[in-house]
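Structural features, examined
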Amino acid sequence: MSIQEVSSAKRFDPRALFSLDLQASNGLTELTEFRVSAPFDNLVGVTEWSAVVATPLNLALSDSMWTSAMVLTGRNMAGDLQTAGWGHLEGVLNQAWCGMESNGDRVALRVGFVCDHESNAVSRCTVMIDIVDLAQQLKVPLTPQSLGESGRWPNPQSQGDNGGDAETLSVVKAMQSSLHDSATTREEMLAADHLQFWAEDFVWAGPGGIGITHGKEGFVDHHQLPFRTAFPDRVGGGVSSTTSAGPKFGHFVKFSEGGWAVTGGWPSVAATHKGDGWLGATASKRPITLRVFDFYEVVAGRISMNWVFIDIVDFLRQIDRLPESIKSYSGQQRGIQK
């Protein structure tokens, strides 16, 4: 790709996603494919994105302000140019949105994105909106109390200039490969090989429903052990796999810039929901997939922070434990558009 295309990608401003003047914003066009976390799913073009997501959100959220925590640009495994990042859209929710009633409080809506750039335009924009965390803020939780700490994610410790691209990605890839072990008990997980790639006091910031954990014990107790219990036959993640049904699960984004890295799959993981406990849910015995984004910060050759988006609303929908008001919201907005 040309220098001009790279420059255009680096100038991508996430605030464009929530602007009401999308036609002039950062390469988003009527040809842009939007893949959005549930209940929104697939949208095509800025007009549909605006009608279904941006405009209703702007109407509901007054005095809104976007704050980026991280934005990085690079080329994925196939050599395609991508921009990725996450941050918070803050404001006062004074109207109902996404099937949830307003309480008039100030909220911070957590959002992650990956944009694919082609010929100075965004050909595809994949967006994660943490509705489970928003529901917790509105005191209408979709899951039981998080095992980890609830609340706003901590920002990166650096500006992403604390390492080289190749070294950063090498650490992340090595850790992800080591995650595919056979540990099933707490003791085995606390001694797992992948821990050599983490800083001793690392922060693992999970989505609403899971929360923020600290160090290996927090990570194992508040996320890994319940997750592995729920999905013992999981495939995908950092290692692409093909299931008996045929679809390929793994990463469509995997690159680094300086000391920051991003990986993600849509979906990333396929599994059967066989065990109780994760997100407070009893085993549904249903096959499921998980859409996942991971953002990393690597300092001195170790992962110091990991921010994780999981489309939990989509998971709850797959096991038929999502309120109808949220499940049907996107369809209602499409009806308004028409």
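Each remark here, short or long, concerns the structure printed above.
Residues numbered from 1 in each chain as written. Predicted model: local features only at pLDDT ≥ 70, side-chain atom pairs only at ≥ 80, totals over all residues. Heavy atoms only, no water.

All right, on to the overall build of the chain then. When you go through the chain residue by residue, the secondary structure sums to nine helices and 15 strands. For 338 residues, the compact-globule formula gives about 20 Å, and the C-alpha radius of gyration of the chain, at 19 Å, lands near that figure. (Helix = DSSP H or I, 4+ residues; strand = E, 2+ residues; numbered from the N terminus. Rg over C-alpha atoms; globule rule 2.2 N^0.38 Å.)

As a further point, take helix H4 (residues 165-178). Between its first and last C-alpha, H4 extends 20 Å over 14 residues, near the 20 Å set by a 1.5 Å rise per residue. Within H4, the full set of buried residues consists of Thr168, Leu169, Val171, Val172, Met175 and Gln176. For H4, the angular spread of the buried residues around the axis is 155°, confining them to a single face. (Expected span 1.5 Å × (residues − 1). Buried < 20%, exposed > 50% of the residue type's maximum accessible area, 1.4 Å probe, protein only. Arc of directions from axis to C-beta.)

Below, the discussion takes up the nonpolar core. By size, the foremost hydrophobic cluster in this structure holds 78 residues, and its most contacted members are Phe40 and Trp97. A total of seven residues in this core trace back to one element, the largest contributor, which is helix H2 (residues 45-60). In this view, Trp97 contacts Phe40, Val53, Pro56, Leu57, Ala60, Leu109, Ile129, Ile131, Leu134 and Tyr329; residues no more than four positions away in its chain are not counted. Leu72, Phe252, Phe255 and Trp260 belong to the second-largest nonpolar core, a separate cluster that totals 22 residues. (Core = buried A, V, L, I, M, F, W, Y, C linked by side-chain atoms within 4.5 Å. Contact = heavy atoms within 4.5 Å.)

Turning next to helix H6 (residues 215-230). Between its first and last C-alpha, H6 extends 22 Å over 16 residues, near the 22 Å set by a 1.5 Å rise per residue. Remark: the principal bend of H6, roughly 45°, maps to Asp221. Buried within H6 are the following residues: Gly215, Gly218, Phe219, Val220, His223, Gln224, Pro226, Phe227, Arg228 and Ala230. Where H6 is buried, its residues touch helix H5 (186-190), strand E7 (198-205), strand E8 (212-214), strand E13 (260-272) and strand E14 (287-299). (Bend = angle between axes of the 7 residues up to and from the residue.)

The next thing to look at is the state of the cysteines. Applying the stated criterion across every chain, the model contains zero disulfides. With no disulfide partner, Cys98 has as its closest neighbouring cysteine sulfur the one in Cys125, 17 Å distant. Note on Cys115: no disulfide assigned, nearest cysteine sulfur contributed by Cys125 at a separation of 3.3 Å. (Disulfide = S-S within 2.5 Å.)

With that settled, the discussion passes to the sheet that holds strand E2 (residues 41-44). Spatially, six strands are ordered E2-E1-E6-E5-E4-E3 in an open sheet, and the strand pairing comes out mixed. Edge strands, defined here as strands with exactly one partner in the open sheet, are E2 and strand E3 (61-75). Across the sheet, the mean angle separating the axes of adjacent strands is 20° when strand polarity is ignored. Strand direction decides the pairing type here: strand E5 (residues 106-118) and strand E6 (residues 121-129), joined by eight bridges, are antiparallel. Each residue of the ladder has a partner; that of Cys115, found in E6, is Cys125. H2 rests against strand E1 (33-36), E2, E3, strand E4 (81-93), E5 and E6 of the sheet, and its axis sits at about 115° to E2. (Pairing = 2+ DSSP bridges. Axes fitted to C-alpha atoms, helices over the stretch in contact; angles between N-to-C directions.)

What follows concerns the pattern of salt bridges. A side chain with one charge can pair with a side chain of the opposite charge if their charged atoms come near. Counted by the stated rule, this structure contains 15 salt bridges. Between Arg228 and Asp181 there is a salt bridge whose closest N-O contact spans 2.5 Å. On the criterion of sequence distance, the pair formed by Arg228 in helix H6 and Asp181 in the loop between H4 and H5 is long-range, its members being 47 residues apart. The partner of Lys327 in a salt bridge is Glu324, and the shortest N-O contact between them spans 3.9 Å. A residue pair is termed a helical-turn pair when its members lie 3 or 4 positions apart in one helix, as Lys327 and Glu324 do in helix H8 (residues 324-327) at three residues. One connected set of salt bridges, linked through shared partners, spans Asp41, Arg291, Asp311, Asp314 and Arg317. (Salt bridge = Lys/Arg side-chain N within 4 Å of Asp/Glu carboxyl O.)

Moving on, we come to the packing of aromatic side chains. According to the stated counting rule, one finds 23 aromatic pairs in the structure shown. Aromatic pair Trp266 and Phe293: ring centres 6.1 Å apart, planes at 40°, arrangement tilted. You can see Trp266 sitting in strand E13 and its partner Phe293 sitting in strand E14, a full 27 residues away along the chain. Each residue in the set Trp86, Trp153, Phe252, Trp266, Phe293, Phe295, Trp307 and Phe309 is aromatic and connected to the rest through ring pairs, giving one cluster. (Phe/Tyr/Trp six-rings, centres within 6.5 Å; stacked < 30°, edge-to-face > 60°.)

This part covers the environment of Ser178. Within the secondary structure layout, Ser178 lies in helix H4. Considered as a pair, Ser178 and Ser50 are 128 residues apart in the sequence and their alpha carbons are 41 Å apart.

Within a regular beta strand, the side chains point alternately toward one face of the sheet and then the other, so they alternate between its two faces. Where E1 meets E6, four bridges bridge the pair, whose relative direction is parallel. Residue Arg35 lies in a different strand from E6, and its bridge partner there is Thr126. Hairpin connection between E5 and E6: a loop of two residues separates the two successive antiparallel strands, and Ser119 in this loop has a positive phi of roughly 55°.

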